[in-house]
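Coordinates in review
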Amino acid sequence: MQTVTTVRVEEIVVANHALKDVVEKTPLQKNKQLSERYGCNVYLKREDLQVVRSFKIRGAYHFIRNLSMEERGRGVVCASAGNHAQGVAFSCQQLQIQGTIFMPTTTPRQKVSQVKLFGGSYVEVVLVGDTFDDSFAEAMKYCLQEERTFVHPFDDPLVVAGQGTVGLEILNDMEEPADFVFASIGGGGLVAGVGTYVKGVSPATRVIGVEPAGAPSMKAALEKGDVVTLDEIDKFVDGAAVKQVGQLTMTICKDVLDDIVLVPEGKVCTTILELYNSSAIVVEPAGALSIAALDLYREQIAGKNVVCVISGGNNDIDRMQEIKERSLLHEGLKHYFVINFPQRAGALREFMEKVLGPHDDITRFEYTKKNNKDNGPALVGIELKCQDDYGPLVTRMKQHGIRYVEITSDPYLFNLLI
């Protein structure tokens, strides 16, 4: 059997025809706030408004629809951090096929609930492992044991063709040529499909892939010229936190990507909050990647037509406090210190009156010792109104003889204590 190494534009057109009565043709909206901020025309491809609130339905349905009747009868298996699972679940319900879906135990509860909702009696959810890769391994074992068909979340030509219909819709809806298209990268299916169609129809358009800084698996693969498995990843951007991209998607991306941008997880959080506050758009971390990358391309996109694919909107409300915290840390507006207060009466009151600035706020205070607190340092979290308040705060601590260790920039201490 010959290994498929590419996907053609014609295959994406076929996929679009197959999907037109199943998926939503999501809107391409010009965003006024982002356009003004970057001095260009920023259009958002709203896959967060898709039937399962992400683009993943496209590839999953297109793949399952092409199974033989015998394969359908045996059922399907998939592994997913959430959105692919919802796409597979929806497809199983629509096509009346039994499916078993493996998901990491770290998957937000909202996504697990949605999978069960979309799949109904046709799907069984199995929570296993901490990452997508753990779930993937278990799913493959089960697939072989039960002789079922595995629905890959990204590394399959039918899946890539299905995701490529996002690019087809973008170019069909653009009244003027698109100069840039930004799309997130997890395993690479979305950007491979979108890039294939965009480059095939509009070669001058620059296609920019965006990865979370804590899981740069596609960038590592392209630098090496082959897929690599990252030892450690930051799982926060769960829809794009993949240790290893696909062989097919990597091969395609090598030809269609003009650049890969790495975005810090804290910047992603800031973007999530800004989109909600300015445009009432609810996005998940992976869905915010494309917009978060615009700051890094500010000069290149000035005066241009720019499209950002919002890949999904399945955000768990329980994560919002963590999102706010990560945003504040990234923006330099929150700092954590271990402070050894002078052992005398009134030391804490003096710290609050003479060291804290007029707009500084203590958001966390706890002694590191449960007993004999008078001799124990305290963990103190301080939120600032602006970055420029940090320098004066540190200066005042030194002037008043406050002994402290800042742990915000020390990953080991920060993870240990916070």
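Residues numbered from 1 in each chain as written. Predicted model: local features only at pLDDT ≥ 70, side-chain atom pairs only at ≥ 80, totals over all residues. Heavy atoms only, no water.

1. Notes on the packing of helix α1 (residues 9-19) against helix α8 (residues 157-173)
Quick note on the threshold: Comment: axis = line fitted to C-alpha atoms, over the contacting stretch for helices; angle = value between 0 and 180 degrees taken between N-to-C directions. Only DSSP runs of H or I with at least four residues qualify as helices, and only runs of E with at least two residues qualify as strands; both kinds are numbered from the N terminus onward. Our angle categories are set so that under 35 degrees counts as roughly parallel, over 145 as roughly antiparallel, 65 to 115 as roughly perpendicular, and the remainder as oblique. The contact criterion used is simple: two residues touch if any of their non-hydrogen atoms lie within 4.5 Å.
Remark: α1 packs on α8, axes separated minimally by 8 Å, with the N-to-C direction vectors making an angle of 90 degrees. In terms of their interaxial angle, α1 and α8 are classed as roughly perpendicular. Between α1, through E11, I12, V13, A15, N16 and L19, and α8, the contact on the second element is made entirely by A161, G162, G164, T165, L168 and E169.

2. Overview of a nonpolar patch on the surface
Put simply, the rule reads: Each patch is assembled from residues with relative accessible area greater than 30% and no salt bridge, linking like charges that lie within 9 Å and nonpolar side chains (Val, Leu, Ile, Met, Phe, Trp, Tyr) that lie within 5 Å. Here, Shrake-Rupley sampling with a 1.4 Å probe gives the accessible areas, and only protein chains in the shown set may cover a residue. Whenever a carboxyl oxygen of Asp or Glu lies within 4 Å of a side-chain nitrogen of Lys or Arg, that contact is scored as a salt bridge. Accessible area is worked out with a 1.4 Å probe on protein chains only. A residue is then buried under 20% of its type maximum, exposed over 50%, and partly exposed in between.
A surface patch of nonpolar side chains, about 320 Å² in accessible area, is lined by L348, M352, F365 and Y367. For the nonpolar patch, the secondary structure elements donating two or more residues are α16 (347-355) and β12 (361-367). Within the element layout of this structure, M352 appears in helix α16. A relative accessible area of 46% places M352 in the partly exposed class.

3. Thoughts on the sheet that holds strand β10 (residues 305-310)
Put simply, the rule reads: By the convention used here, strands pair only if DSSP detects at least 2 bridges between them.
The strand order across the open sheet formed by six strands is β1-β2-β10-β7-β8-β9, and the pairing between neighbours is mixed. Each of the sheet's edge strands pairs with one partner strand only, and the pair in question is β1 (28-30) and β9 (259-263). Taking the axes of each pair of neighbouring strands and ignoring which way they run, one obtains an average angle of 25 degrees across the sheet. For strand β8 (residues 206-212) and β9, the ladder comprises five bridges, and the chain directions are parallel. Counted as the bridge partner of I208 is D259 from β9. Contacting β8 and β9, helix α10 (residues 217-224) runs over the sheet at an angle of about 140 degrees to β9.

4. Quick look at the pattern of salt bridges
Summed over the entire model, instances satisfying the criterion amount to 21 salt bridges. The closest approach of N and O atoms between D48 and R46, which form a salt bridge, is 2.8 Å. R46 carries the same exposure label as D48, and that label is buried. As a salt-bridge pair, E70 and R74 come within 3.0 Å of each other at their nearest N and O atoms. Taken together, the residues E70 and R74, both in helix α4 (residues 69-74) and four residues apart, mark about one turn of the helix. Relative accessible area serves as the criterion here: at 59%, E70 is assigned to the exposed category. In this structure R74 comes out as partly exposed when scored by relative accessible area, which is 34%. A network of salt bridges, in which partner residues are shared, links K45, E47, R58 and E169.

5. Observations regarding the sheet that holds strand β4 (residues 99-103)
Read from one edge to the other, the open sheet built from four strands follows the order β5-β4-β3-β6, with strand pairing classed as parallel. What marks the edges here is a single partner per strand, and that holds for β5 (123-127) and β6 (149-150). Alignment of strand β3 (residues 76-79) against β4, held across four bridges, turns out to be parallel. Residue pairing in the sheet places V76 in a bridge with G99 of β4.

6. Considering α10
The condition that has to hold: Arc, as used here, means the arc of the directions from the helix axis to the C-beta atoms.
Within the sequence span of α10, burial applies to S217, M218 and A221. The buried residues of α10 occupy an angular sector of 95 degrees when projected down its axis, which confines them to one face. Buried-residue contacts for α10 involve β8, α11 (247-256) and β9. The positive-phi residue at the C-terminal boundary of α10 is G225, with phi of around 90 degrees.

7. Regarding the pairing of β8
Put simply, side chains in a regular strand alternate between the two faces of the sheet. Note the cut-off: Viewed with both strands pointing away, a crossover whose connecting path from the first strand over the helix to the second turns clockwise is right-handed.
Within β8, six of the seven residues are buried, which leaves the element mostly enclosed by the surrounding structure. Alignment of strand β7 (residues 180-184) against β8, held across five bridges, turns out to be parallel. Among the inter-strand pairings, F182 is bridged to a residue of β8, identified as I208. This β-α-β element, β7 to helix α9 (residues 189-201) to β8, shows right-handed connectivity.

8. Notes on the environment of R65
Locating R65 in the fold gives a position in helix α3 (residues 56-65). Each C-alpha atom, one on R65 and one on I260, is 32 Å from the other, the two residues being 195 residues apart in sequence. Ignoring any residue separated from it by four or fewer positions in sequence, one finds R65 in contact with A18, R72 and L95.

9. Notes on the packing of α1 against α3
The cut-off we apply is this: Asp, Glu, Lys and Arg are counted as charged, while Ala, Val, Leu, Ile, Met, Phe, Trp, Tyr, Cys and Pro are counted as nonpolar; the rest, among them Gly, fall into the polar class.
Two numbers describe how α1 lies on α3: the axes approach to 10 Å, and their chain directions differ by 90 degrees. Taken together, the axis directions place α1 and α3 in an arrangement best described as roughly perpendicular. From α1, A15, A18 and L19 reach across to α3, where they touch R58, Y61, H62 and R65. Classifying every residue of the contact of α1 with α3 by side-chain character gives four nonpolar, one polar and two charged.

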